[in-house]
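# Coordinate inspection notes
So you can see what is in the structure, the chains are spelled out below.
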Amino acid sequence: MDRIVLASGNRGKLQELEQLLSELTMQLIPQTALGVGDVAETGLSFVENALIKARHACQETGLPSIADDSGLEVDALNGEPGIYSARFSGIFGKEADAANNARLLAEMEQVAEAERSARFHCVIVYLRYARDPMPLICQGSWEGSILFEESGSGGFGYDPLFYVPTHQCASAQLTPKIKNSLSHRGQALRQLLQCFNTRR
């Protein structure tokens, strides 16, 4: 069976990636299972950072890789936190989600409901090998707004603060199946699945 490395150490992302890619007839291996650590995300866009992560996983393992870079863009904050979403608070590790959400709430404290529009972006990259000259790049975007307080216990990251207008609840209140059908990551991964067989 063919093997592909999932170039992420984020447990929440890995769960979603594995669920959405479960129909692939190949073994998906988190990079941590192969002893591969995170790489510095020095790019200035989601595309650049996804490529950096995918290339690093390929170089370290000699296997094809799939990497995701994603984040939250808030209009009232001029697009922040954007590519810095995972490190918005400057805190890393298990406490990062809570600290990032706390900072976002503080930054948005004086912003009126009508001006709290936001969206999640996701870029998924597939590389056959580290120097793949034709990486497969897929993307998705999910429109919503920022709540005044956290709601729900599902998902990860900013999900408790991201209001989904089509379902009138926070992303963290959606079932995994519904979230995957709507989300930025789900959109990008469905694009990947559509063209995956022809690219391999």
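Here, every reference points to the structure presented above.
An account of the accompanying structure is given in this report. All figures in this text were calculated on a predicted structure; none of them were measured in a lab.

### Quick notes on the packing of aromatic side chains
Taken as a whole and judged by the stated rule, the model has 3 aromatic pairs. Measuring from ring centre to ring centre gives 4.5 Å for Phe120 and Phe162, while their planes differ by 50 degrees; the resulting arrangement is tilted. Taken together, the positions of Phe120 in strand β4 (residues 117-127) and Phe162 in strand β6 (residues 162-164) put the pair 42 residues apart, joining distant regions of the chain. Residue Phe120 shares its accessibility class with Phe162, and that shared class is buried. Note on Trp142 and Phe162: the rings are 5.1 Å apart at their centroids and 55 degrees apart in plane angle, and the pair reads as tilted.

### A word on the environment of Asp132
Along the polypeptide, Asp132 turns up in the loop between β4 and β5 (136-146). Judged by its relative accessible area of 3%, Asp132 is buried. Considering only alpha carbons, one finds Asp132 and Glu60, 72 residues apart in sequence, at a separation of 15 Å. Within polar-contact distance, the side chain of Asp132 engages the side chain of Arg128 at 2.7 Å.

### Quick look at helix α3 (residues 96-107)
Given 3.6 residues per helical turn, the α-helix brings residues three or four places apart onto the same face. Taking 1.5 Å of rise per residue, 12 residues should cover 16 Å, and α3 covers 16 Å from first to last C-alpha, within 8% of that figure. Considered for burial, the residues of α3 that qualify are Ala96, Ala99, Asn100, Asn101 and Leu104. The secondary structure elements touched by the buried residues of α3 are β3 (65-74) and β5.

### Quick word on the nonpolar core
Judged by nonpolar contacts, the single largest core of 20 residues is most densely connected at Leu21, Ile66, Ile124 and Leu192. Among the elements that take part in this core, helix α5 (residues 184-199) stands out by supplying 5 residues, more than any other. In this structure, Leu21 is in contact with Leu6, Leu28, Ile66, Leu189, Leu192 and Leu193, ignoring residues within four places of it in sequence. Val74, Phe88, Phe120 and Val164 belong to the second largest nonpolar core, which has 17 residues in total.

About the criteria used
- Residues numbered from 1 in each chain as written.
- Predicted model: local features only at pLDDT ≥ 70, side-chain atom pairs only at ≥ 80, totals over all residues.
- Heavy atoms only, no water.
- Phe/Tyr/Trp six-rings, centres within 6.5 Å; stacked < 30°, edge-to-face > 60°.
- Helix = DSSP H or I, 4+ residues; strand = E, 2+ residues; numbered from the N terminus.
- Buried < 20%, exposed > 50% of the residue type's maximum accessible area, 1.4 Å probe, protein only.
- Polar contact = N/O pair within 3.5 Å; in protein donor to acceptor, adjacent residues only side chain to side chain.
- Expected span 1.5 Å × (residues − 1).
- Contact = heavy atoms within 4.5 Å.
- Core = buried A, V, L, I, M, F, W, Y, C linked by side-chain atoms within 4.5 Å.

Just geometry here; none of it tells us what the structure is for.
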